Amino acid sequence: MHFDTLSVHAGHIEDGIGSVMSPIHVTTTFERDENGVIGGKGYVYTRWDNPNRRGLETKLAKLEGGEEAFTFPSGMAAAMALAQTVLEPETHIIIPDDCYHGIAHLVKSMLPKWKISYTEVDMIDTAALENAIQKNTRLIIVETPSNPMLKISDISLICRIAKSKGILVGCDNTWTTPLIQRPFELGADLAFHSSTKFFGGHSDVLGGCIIIKKKNELAEKIREYQVIGGSVPSPFDCWLLNRSLSTLSLRLERQIKNAELIANFLKAQPLVEQVYYPGLPDHPNHDIARRQMHGLFGSMISITMKGGEKQAIQFAGNMKLFKHATSLGGVESLIEHRRSAEGKSPRSPENLLRLSVGIEYIDDLIEDLAMGFDRLKS
Ligand SMILES: *Cc1c(COP(=O)(O)O)cnc(C)c1O
């Protein structure tokens, strides 16, 4: 079945009374069957499994094209699950040099205690990647487009290098979703997401997930981590996410269309120094993006302002529709001065703003931005 059909129908849980839409099963515990068999009716205890979580995981596995999905209460909880199941003490992980700052923080400040070392690499530089590989490297994290510089790395090339050394590749597919980018078809072993972003799509639920290409021993370890480690999302959050996924392609297609028009508008603005958007033909990795993202370039744009940090922060507060707030992927448009959201070790340029383009009517969005630029001039 097509992605759009799966996103509506996959993972529907029958409840015996013909509910067309899945109810929310808030119960923590389930009755045994007539013979006292535990789990005889399908479920035991909600930390182990719950109809809403099972439905969501079934849908996520189908959409990403993997054999099994595991859901978590946030994207960071999913990243932690990945680290704690793939990596053993005395092993090594490679992360991109402009990795999502939370994951970089986790790798740099929480994993060393477990004797797990790391190297940061510019994933576009394959020689640097090959150099960074050590005998004990177990996992390479790929994030493309990167955050916030929108660098595009070549997933299949990285996977070929990793495969030749027996290293797993985990792709943070948050910014693209499987509608745009299909890591498993390019050789990745694992995909993970902050479901808080495009999957949730309405900025009202936190979530995370890992999808594994093949049901294997690692899949069992991730399941054990989830249910014994107790890192489980609530039935209500699963229900919300499942509902949101039904409209993923409708939302994202509109967001992408809006983003392309806004990227071109921004490019023509005299106060803008540079526009970072992989859909622009002069983006340095536009050709890889065109192939890898199936001609859909996402709805995230970064810009740098000629007037420096002060002007950037002022501009971010100038609009009515574009709210100055962190996060991304929702139906509403956001703009953010990234550097001031990056905590103690910021790395975004001082004059950089990141835009998450929503589903609003394009003329209203452009007018909002135009007003923001006008206010800078006056
Ligand atoms: C937001 C985000 C995360 C972290 O997810 P949370 O749901 O905030 O915990 C990880 N990776 C990327 C690319 C993100 O944008």
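Up top is the structure.
These notes cover the structure that comes with them. (Residues numbered from 1 in each chain as written. Predicted model: local features only at pLDDT ≥ 70, side-chain atom pairs only at ≥ 80, totals over all residues. Heavy atoms only, no water.)

Let us now look at the site of the ligand. The ligand sits among 13 residues. The nearest are M76, D172, S194, T196 and K197. Between a nitrogen atom of the ligand and a side-chain N or O atom of D172, the distance comes to 2.8 Å. Note that an oxygen atom of the ligand is positioned 2.8 Å from one of the side-chain N or O atoms of S194. Bound to the protein, the ligand loses 92% of the 390 Å² it would expose on its own. (Near = heavy atom within 4 Å. Polar contact = N/O pair within 3.5 Å; in protein donor to acceptor, adjacent residues only side chain to side chain. Areas by Shrake-Rupley, 256 points an atom, 1.4 Å probe, with all protein chains shown as cover.)

Neighbouring strands of a sheet are bound in pairs by backbone hydrogen bonds; such pairs are parallel or else antiparallel. Taken together, the 7 strands give an open sheet; going across it, the order is β1-β7-β6-β5-β4-β2-β3, and neighbouring strands pair in mixed fashion. Among the strands making up the open sheet, the edge pair consists of β1 (68–72) and β3 (117–121). Sheet twist, expressed as the mean angle between neighbouring strand axes with direction ignored, is 20°. Two strands pair when backbone bridges link them, and strand β2 (residues 92–96) and β3 are joined in this way by 5 bridges, in the parallel orientation. Bridging from a neighbouring strand, P96 pairs with V121 of β3. Packing against the sheet, helix α6 (residues 155–164) makes contact with β4 (137–142) and β5 (168–172), and its axis sits at approximately 180° to β4. The sheet strands contacting helix α8 (residues 217–228) are β1, β5, β6 (190–194) and β7 (208–212), and the helix crosses β1 at an angle near 25°. (Pairing = 2+ DSSP bridges. Helix = DSSP H or I, 4+ residues; strand = E, 2+ residues; numbered from the N terminus. Axes fitted to C-alpha atoms, helices over the stretch in contact; angles between N-to-C directions. Contact = heavy atoms within 4.5 Å.)

Right, let's get into the sheet that holds strand β9 (residues 300–305). The 5 strands lie next to each other as β8-β9-β12-β11-β10, forming an open sheet whose pairing is mixed. The open sheet terminates on both sides in strands that have one partner only, identified here as β8 (272–276) and β10 (323–324). The pairing of β10 with strand β11 (residues 334–337) spans 2 bridges and is classified as parallel. Each residue of the ladder has a partner; that of K323, found in β11, is L334. Its contacts with the sheet place helix α10 (residues 248–267) against β8, β9 and β12 (352–356), and it is angled at close to 10° to β9.

As a further point, take the pattern of salt bridges. If you walk through the whole model with that rule in mind, you get 17 salt bridges. The partner of E120 in a salt bridge is R347, with the nearest N and O atoms 3.1 Å apart. Highlighted residues: E120 in strand β3 and R347 in the loop between β11 and β12, separated in sequence by 227 residues. Under the relative-accessibility criterion, R347 is labelled partly exposed at 32%. With its nearest N and O atoms 2.8 Å apart, the salt bridge here joins E336 to R338. Its relative accessible area of 5% is what places E336 among the buried residues. (Salt bridge = Lys/Arg side-chain N within 4 Å of Asp/Glu carboxyl O. Buried < 20%, exposed > 50% of the residue type's maximum accessible area, 1.4 Å probe, protein only.)

To describe a pair of aromatic rings, you give the distance between the ring centres and the angle between the ring planes. Applying the stated criterion across every chain, the model contains 4 aromatic pairs. Through a chain of ring-to-ring contacts, the aromatic side chains of F265, F315 and F373 assemble into a single cluster. (Phe/Tyr/Trp six-rings, centres within 6.5 Å; stacked < 30°, edge-to-face > 60°.)

The next thing to look at is the packing of helix α3 (residues 75–86) against α8. At a closest axis distance of 9 Å, the pairing of α3 and α8 adopts a crossing angle of 125°. If you check the angle between α3 and α8, you find them oblique. For the pair α3 and α8, the sense of crossing is right-handed. The residues of α8 that touch α3, namely those facing M80, A81, Q84, T85 and V86, are L218, K221, I222 and Y225. (Parallel < 35°, antiparallel > 145°, perpendicular 65-115°, else oblique. Left-handed = near helix turned anticlockwise from the far one by under 90°.)

Next up on the list: the nonpolar core. In terms of nonpolar packing, the biggest core is built from 60 residues, with I262, I301, I303 and F315 touching the most fellow members. A per-element tally of this core places α10 first, with 8 residues. Shared between two domains, this core takes at least three residues from each, and those domains are domain 1 (3–245) and domain 2 (249–377). Ignoring any residue separated from it by four or fewer positions in sequence, one finds I262 in contact with I301, F322, L355, V357, I362, L365, I366 and L369. One finds M80, A104, L139 and I141 within the second-largest nonpolar core, a separate group that totals 30 residues. (Core = buried A, V, L, I, M, F, W, Y, C linked by side-chain atoms within 4.5 Å. Domains from an automatic or database assignment.)

Once that is clear, we can look at the side chain of N351. In this structure, N351 sits in the loop between β11 and β12. The class of N351 is buried, set by a relative accessible area of 14%. If we ignore the near neighbours within four places in the chain, the residues touching N351 are E273, I303, T304, M305, G308, E309 and A312.

Moving on: the side chain of E143. Inspection of the secondary structure puts E143 in the loop between β4 and α6. For E143, which is buried and forms no salt bridge, the nearest opposite charge comes from R354, at a distance of 7.5 Å. Engagement of the side chain of E143 in a polar contact is seen with the backbone nitrogen of Y100, the distance being 2.8 Å. Setting aside its immediate chain neighbours within four residues, E143 contacts P96, C99, Y100, S153 and D172. (Lys, Arg positive; Asp, Glu negative; His and termini not counted.)

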